[in-house]
Amino acid sequence: MNTIQRVRDLATERKLSIYKISQMSEVSYSTFRTAERRNGELSVDVIMRVCAALGITVAEFFSVFTD
């Protein structure tokens, strides 16, 4: 799994769109779209903003990578 897929999974769990997450996290929608077209990895800054917007910790975000 890559980080953009993790954001998609979190969006699905919360019945949100990637666009809505982009608004909540104040990250441009194009950042997410670019990550999807490339290797699917988001920067640490973007991940931290997404986590803050969704009310989760960075550790929770990455927990699926270690299970």
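This text follows the structure it describes.
Residues numbered from 1 in each chain as written. Predicted model: local features only at pLDDT ≥ 70, side-chain atom pairs only at ≥ 80, totals over all residues. Heavy atoms only, no water.

## A few points about unusual backbone geometry
Inference 1: Phi angles above zero are rare outside glycine, and K15 is one such case at about 55°.
Inference 2: Positionally, K15 belongs in the loop between α1 (3-13) and α2 (18-25).
Inference 3: On the basis of relative accessible area, K15 is assigned to the exposed category, the value being 76%.
Inference 4: Its identity is not glycine, yet E26 carries a phi of approximately 60°, on the positive side.
Inference 5: Summarising the element assignment, E26 is placed in the loop between α2 and α3 (29-37).
Inference 6: The exposure class assigned to E26 is exposed, which follows from its relative accessible area of 65%. (Helix = DSSP H or I, 4+ residues; strand = E, 2+ residues; numbered from the N terminus. Buried < 20%, exposed > 50% of the residue type's maximum accessible area, 1.4 Å probe, protein only.)

## Observations regarding the packing of α1 against α3
Inference 1: Between α1 and α3, the shortest axis-to-axis distance is 9 Å and the interhelical angle comes to 125°. Taken together, the axes of α1 and α3 are oblique relative to one another. Every pair of crossing elements has a handedness; the one defined by α1 and α3 is left-handed. The segment α1 lies against α3, with I4, V7 and R8 engaging F32, R33, A35 and E36.
Inference 2: For the contact of α1 with α3, the residue count by class is four nonpolar, no polar and three charged. (Axes fitted to C-alpha atoms, helices over the stretch in contact; angles between N-to-C directions. Parallel < 35°, antiparallel > 145°, perpendicular 65-115°, else oblique. Left-handed = near helix turned anticlockwise from the far one by under 90°. Contact = heavy atoms within 4.5 Å. Nonpolar A, V, L, I, M, F, W, Y, C, P; charged D, E, K, R; others polar.)

## Comments concerning the pattern of salt bridges
Pairs can form between side chains of opposite charge whenever their charged atoms are close.
Inference 1: Inspection of the entire model under this criterion finds four salt bridges.
Inference 2: E36 serves as the salt-bridge partner of R33, at 2.7 Å between the closest nitrogen and oxygen. Of this pair, R33 and E36 both sit in helix α3, three residues apart, roughly one helical turn.
Inference 3: Judged by relative accessible area, E36 falls into the partly exposed class, the value being 24%.
Inference 4: A salt bridge links D45 to R49; its shortest N-O distance comes to 3.3 Å. Linking D45 with R49, this pair stays in helix α4 (residues 44-54), spanning four residues, or about one helical turn.
Inference 5: By relative accessible area, D45 is classed as partly exposed at 44%.
Inference 6: Where salt bridges share partners, they join R8, R33 and E36 into one cluster. (Salt bridge = Lys/Arg side-chain N within 4 Å of Asp/Glu carboxyl O.)

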